[in-house]
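# Descriptive analysis of the structure
Listed below are the residues making up each chain.
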Amino acid sequence: MASLTVRKLDEVLKDRLRLRAARNGRSVEDEVRIILRDAAEAPTAAPPPPATTTTTPRWPQTGPAITRPRVTLIIGGGIAAYKALDLIRRLKERGLHVRCVMTRAAQQFVTPLTAGALADERCYTDLFDPQSEFDAGHIRLARDTDLIVVAPATADLMAKMAQGHADDLATAILLATNRPVLVAPAMNPAMWSNAATRRNVAQLARDGVAFVGPNAGEMAEANEAGVGRMAEPVEIATAAEAILRPPQSRPLAGRRILITAGPTHEPIDPVRYIANRSSGKQGFAIAAAAAAAGAEVTLIAGPVDLDEPPGVHVVHVESARDMLAAVEAALPADVAIFAAAVADWRVAQAGAQKIKKTASGMPPLALVENPDILATVSRLAENRPSLVIGFAAETENLIGNATAKLHRKGCDWIVANDVSPASGVMGGDRNTVHLLTAARDGKGDPAIDSWPVMTKDDVAGALVAKIAERMGQTNA
Ligand code: C5P
């Protein structure tokens, strides 16, 4: 019944448009252009309320919610359209308000219903939309946004953009907008390298359009590879964020930060291992906060059950030796933060088969010490990050043990926290930390900054702010 009414309304509106065009002696297209021009000159309506999100947004949540940046995501008609659905999630994770527009071809690959459900707002598809006001909804769509992202941008859509076509909602928005436009091309390598596409890309770049990708790799077509794959959703979201975020809110832009997090698993045999208790939550939160501050972050994670933070390069490892190798591969870095609970020992000779219970009792387990990753990096003669930060999780004599660790490991800062069972820190969402800063000579008493109980996200934010302050001072 409802859809019948909508269809009827659609017909009535289109009839009215034809009548109006005939009455004024113009073509329907000219009539539309005039309606659009008039609407563009009219004051725009207030932007819609931002979508609510269940993930932890990285955009500052202070101030009126309406100040959250808005992204209009135009989904073009290519096989990569399915990745645009993930992109909606990635943009929302960053606290951005997302509104989707789909071309007719895009609807061959994904449905407006899915995009609308993910964005928490219906997806727009038609220039003459019976569900919005008659007066040039697309002008509002073009202006009530802070950034337009086109992903995937097909060769055809880019050609239309370069030529200034406006024969559907997506192209009309792109022609009418005065906001920045970020394009994520996706097409077959032959189409990408075609002279016509090269011309269009060059024209769009001259027009101020920003590009992310395309990347090299396998194509949807069997046995085809080359440049033309759409950039990954995380890359596009990061590029979008870089355009939207003012530089002063990215104090770590241009800095490389490496972070270890989670436990390591040291195999005893193929089914058993030695490990420390660690959820990895604090290290992951620091990685997310550092990326939000503009740093290029590599997170080297032991086995954890956590979502990868947006915009962070995550390397998954199992053992301490794998973790050290991954850390060395991630150097050089400006800052290294060692939040992992690395197992101190491993079994000298892990069993190739599952060790069986026998009547002769427990098998002997000879242990050998694992490499100390923090101490190794702190003592590097070459490639030592200018700021090396360790963690001290203690169950007693917190400050005394943390101070001894600072001296023994040779790092610059130690984040000390009480992980006794009564503290509830292990696996929980809150943490009470003390930041120990080594004396200049590396030998005297450290300066101690004790922070109140905070969420692990807030500890991460505060630590990243301290790091940014220190990097700003030394300009290292
Ligand atoms: O010696 P302990 O394990 O208490 O030291 C904790 C600090 O050292 C943490 O920053 C931890 O990530 C780091 N560590 C390391 N490699 C090890 C042991 C600890 O990087 N093998």
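Up top you'll find the structure we're talking about.
Right, let's walk through the structure included here. The model shown is predicted, which means the values in this text are computed figures rather than measured ones.

In the vicinity of the ligand there are 14 residues, among which Phe338, Val342, Ile373, Leu374 and Gly390 approach most closely. For the shell around the ligand, the secondary-structure elements that each account for two or more residues are helix 13 (373-378) and strand 16 (387-394). Looking at the shell around the ligand element by element, the count peaks at three residues for strand 16. A per-class count over the shell around the ligand returns nine nonpolar, three polar and two charged.

Right, let's talk about the environment of Gly217 for a bit. Note that Gly217 resides in strand 6 (residues 215-218). Given 13 C-beta atoms within 10 Å, Gly217 falls into the partly exposed group. Remark: the alpha-carbon pair of Gly217 and Val227, spanning 10 residues in sequence, is separated by 6.5 Å. Discounting residues that sit within four places of it in the chain, Gly217 has contacts with Ala225 and Arg229.

Counting buried positions along strand 1 (residues 70-75) yields six of six residues, so the element is predominantly enclosed. Residues of strand 1 alternate between two faces, with Arg70, Thr72 and Ile74 on one and Val71, Leu73 and Ile75 on the opposite face, all of them buried. Across six bridges, strand 1 lies against strand 2 (residues 97-102) in parallel orientation. Paired with Ile75 across the two strands is Met102, which belongs to strand 2. For the segment spanning strand 1, helix 3 (residues 81-93) and strand 2, crossover handedness is right-handed. Judged from the four bridges that link them, strand 1 and strand 3 (residues 147-153) form a sheet pairing that is parallel. When the sheet's bridge partners are listed, Ile74 is paired in strand 3 with Val150.

Each value, and the rule that gives it
- Residues numbered from 1 in each chain as written.
- Predicted model: local features only at pLDDT ≥ 70, side-chain atom pairs only at ≥ 80, totals over all residues.
- Near = placed C-beta within 6 Å.
- Helix = DSSP H or I, 4+ residues; strand = E, 2+ residues; numbered from the N terminus.
- Nonpolar A, V, L, I, M, F, W, Y, C, P; charged D, E, K, R; others polar.
- Buried ≥ 20, exposed ≤ 12 C-beta atoms within 10 Å, placed from the backbone.
- Contact = placed C-beta atoms within 7 Å.
- Pairing = 2+ DSSP bridges.
- Right-handed = clockwise from strand over helix to strand, strands pointing away.

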